[in-house]
Amino acid sequence: MTRNLDVSRDLYSTAQQYLAGGVSSDARRTTGVPLYVDRAQGARLWDVDGNAYIDYVLGQGPALLGHCPPEVVEAISAQAARGMVYSAQHAAEVRVAERLCAMVPSAERVRFNTVGSEAVHAALRLARGFTGRSRILKFEGHYHGWLDPVLYSVHPALDLAGPADAPVAVPGTAGQQEGHGEDLIVCPWNDLDTLTRLMDRYGAEIAAVIAEPVLCNTGAILPDPGYLQAVRKLCDRHGSLMIFDEIITGFRLAPGGAQEYLGITPDLSVFGKAMAGGMQVSALVGKAAVMDHISTGKVAHAGTFNSQPVGIAAAEATLRVLDERREEVYGTLFARGSALMEGIRAEAEKAGVPLLVDGPGPVFQTYFTDAGAVRDYRDFAATDRAKMARLHAALLDRGVNMVPRGLWFLSTAHTESDIAATVDAFAGALRAL
């Protein structure tokens, strides 16, 4: 099957003259023609050529309620008519902060930002200011934004990454300041022995351990049973803060995020994406004893667009739905995700294709591999990612849009008929490979 992409090709040709690389984010780079969206509604996208897609990218996760949910659209429209930027406080940010503190286990105080990278930067600065320490322990394969201090060892080439039980900090781009890597300690995910050894050696220097509680930027990898509990104990033993990067998992797995879903309370957490249904809002939340270092001015935190009123209006409307209709929302997300996972597994088995389908359900990953599990970045790197890219292209031709690396996001707008149509498209895509 082949889509008509005449208008998209013309746009891309022009874009390459004016946009660096022809796109506005490296995540949209492609060997072919990028997806040029004309509009989105519910669980669907329509491109500029009139092709329709069942969408499982959902803006890389934010559209948890589907595209353009009426409650959120109405809130945005009403606030835009009242003002789009104040550089002053307003009532809605107080209401949203209060709701966050009620919903999220780690939230006793809140500060707003615009995007996830900013919130992570604020969390790390706060951890260093609170502890008086400089080093951060991060996990290989985990992504915490594109800023210099943390863009290390996300998807490093294995010939540069060092031994599996002693990864080295591999910078993610040219132009990073070399000194930032000296403050990072990189640990393999789901390897408690290595983590214990590193914490015992460097614990007195480590301000914080930061992690995606479910690793969604490298597959959709759950922590091993008891792993995060052990991380919590190690942080407490060594006086290091525990930070959860819930930019993806926040509000997707439970009203209180992955920390509610997994039963672990960190000291600080960052949220974004699904928090505002598609508007650019992120939040740093945490325990009062830590966050009050911002309250007193000891740790600086500022931003012209922090708590920007239109974004906060979207967050208020989104969080109200997630909180007050939680049984309906999360029942739908898990049911639809489970049904799609089972359907994909069944089609792969029929086709005799070695495919692993894994994840919580509201977000999950497909991997081309003979392995029975993917537990960390090295396992992910051993999967057939080139074949996954071909599957992505074959699915687009059949009207299904997933994240190119094999990640799938569900929304409450996906219906049972959407799931059935997606499974049929997946079967056709497998036959086309």
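Everything discussed here concerns the structure shown above.
Residues numbered from 1 in each chain as written. Predicted model: local features only at pLDDT ≥ 70, side-chain atom pairs only at ≥ 80, totals over all residues. Heavy atoms only, no water.

1. Overview of a nonpolar patch on the surface
Filter applied, for reference: In this analysis, a patch consists of residues with relative accessible area above 30% that form no salt bridge, clustered at 9 Å for like charges and at 5 Å for the nonpolar side chains Val, Leu, Ile, Met, Phe, Trp and Tyr. A 1.4 Å probe and the Shrake-Rupley method give the accessible areas. Residues count as covered only by the protein chains that appear here. What counts as a salt bridge is simple: a side-chain nitrogen of Lys or Arg found within 4 Å of a carboxyl oxygen of Asp or Glu. A run of H or I in DSSP becomes a helix once it reaches four residues, and a run of E becomes a strand once it reaches two; helices and strands are each numbered from the N terminus.
Together, Met84, Val85 and Phe305 line one region of the surface with nonpolar side chains, adding up to about 310 Å² of accessible area. Summarising the element assignment, Val85 is placed in the loop between α2 (70–80) and α3 (91–103).

2. Side note on the pattern of salt bridges
For clarity, the cut-off: Relative accessibility under 20% of the residue-type maximum defines a buried residue, over 50% an exposed one, and the middle range a partly exposed one, all with a 1.4 Å probe and only protein chains included.
What the rule picks out here adds up to 21 salt bridges. One salt bridge connects Arg135 with Glu205, and the closest N-O pair in it is separated by 3.2 Å. Placement of Arg135 in strand β5 (residues 135–139) and of Glu205 in the loop between α5 (192–202) and β7 (206–211) is noted, with a sequence separation of 70 residues between them. On the basis of relative accessible area, Arg135 is assigned to the buried category, the value being 16%. We classify Glu205 as partly exposed; its relative accessible area is 37%. Of the charged contacts, one joins Arg345 and Glu342 as a salt bridge, the two residues approaching to 2.6 Å between their closest N and O atoms. One end of the pair is Arg345 and the other is Glu342, both in helix α10 (residues 326–351) and three residues apart, which spans about a single turn. Connected through shared salt-bridge partners, Arg99, Asp323, Glu324 and Arg326 make up one network.

3. Some details on the sheet that holds strand β14 (residues 407–409)
Strand pairing in a sheet is mediated by backbone hydrogen bonds. Such pairs are either parallel or antiparallel. In plain terms, the rule: Two strands qualify as a pair provided DSSP detects at least 2 bridges between them. Every axis in this analysis is a line fitted to C-alpha atoms, fitted for helices over the stretch in contact. Angles between the N-to-C directions lie between 0 and 180 degrees. We call two residues in contact whenever any of their non-hydrogen atoms come within 4.5 Å of each other.
Read from one edge to the other, the open sheet built from three strands follows the order β11-β12-β14, with strand pairing classed as antiparallel. Each edge of the open sheet carries a strand with a single partner, namely β11 (355–358) and β14. Averaged over all adjacent pairs, the angle separating strand axes in this sheet is 20°, with direction ignored. Sheet topology note: the β11/strand β12 (residues 363–368) ladder contains four bridges and is antiparallel. Residue pairing across strands places Asp358 opposite Gln365, the latter belonging to β12. Along the sheet face, α10 touches β11, β12 and β14 and points at about 170° away from the line of β11.

4. Brief notes about α5
Threshold: It is the directions from the helix axis to the C-beta atoms whose arc is reported.
Within the sequence span of α5, burial applies to Thr194, Leu195, Leu198, Met199 and Tyr202. When α5 is viewed along its axis, its buried side chains cluster within an angular range of 130° and face the same direction. Of the residues in α5, the exposed ones pointing more than 90 degrees away from the buried face are Asp193 and Arg201.

5. Remarks on the packing of aromatic side chains
For clarity, the threshold we go by: Any Phe, Tyr or Trp ring, taking Trp's six-membered ring, that has another such ring centre within 6.5 Å forms a pair; planes under 30 degrees apart are called stacked, those over 60 apart edge-to-face, and the others tilted. Lysine and arginine charges are scored as sitting over a ring when NZ or CZ, respectively, is within 6 Å of the ring centre and within 35 degrees of the ring normal.
Scanning the entire structure with this criterion turns up nine aromatic pairs. Here Trp189 and Tyr227 contribute two aromatic rings whose centre-to-centre distance is 5.1 Å and whose plane-to-plane angle is 80°, an arrangement assigned as edge-to-face. With Trp189 in the loop between β6 (184–187) and α5 and Tyr227 in helix α6 (residues 227–238), the pair connects residues that are 38 residues apart, well separated along the chain. For Trp189, a relative accessible area of 1% translates into the label buried. Among the residues examined, Tyr227 registers a relative accessible area of 3% and is labelled buried. Seen in terms of ring centroids, Trp408 and Phe426 are 6.2 Å apart; in terms of plane orientation they differ by 45°. Their pairing is tilted. Here Phe426 lies in helix α13 (residues 416–432) and Trp408 lies in strand β14, a separation of 18 residues in the sequence. Phe426 matches Trp408 in its accessibility class, with the two residues each being buried. Through a chain of ring-to-ring contacts, the aromatic side chains of Tyr56, Phe364, Trp408 and Phe426 assemble into a single cluster. Above the ring of Trp46, the side-chain terminus of Arg39 is found at 4.0 Å from the ring centroid.

6. Some points on the environment of Pro69
Within the secondary structure layout, Pro69 lies in the loop between β3 (52–55) and α2. Exposure remark for Pro69: the relative accessible area of 6% places this residue in the buried category. Between the C-alpha atoms of Pro69 and Gln41, which are 28 residues apart in sequence, the distance is 8.0 Å.

7. Brief notes about the nonpolar core
The test is simple: Residues belong to a common nonpolar core when they are buried Ala, Val, Leu, Ile, Met, Phe, Trp, Tyr or Cys residues joined through side-chain atoms within 4.5 Å.
By size, the foremost hydrophobic cluster in this structure holds 57 residues, and its most contacted members are Leu100, Phe112, Phe251 and Trp408. With eight residues, the single largest contributor to this core is helix α9 (residues 309–324). Not counting residues up to four positions away in its chain, the partners in contact with Phe112 are Glu93, Val96, Ala97, Leu100, Met275, Val281, Ser282, Ala283, His301, Asn306, Ser307 and Ile312. Formed by 28 residues, the second largest nonpolar core is a distinct cluster that contains Val209, Cys235, Ile264 and Leu356.

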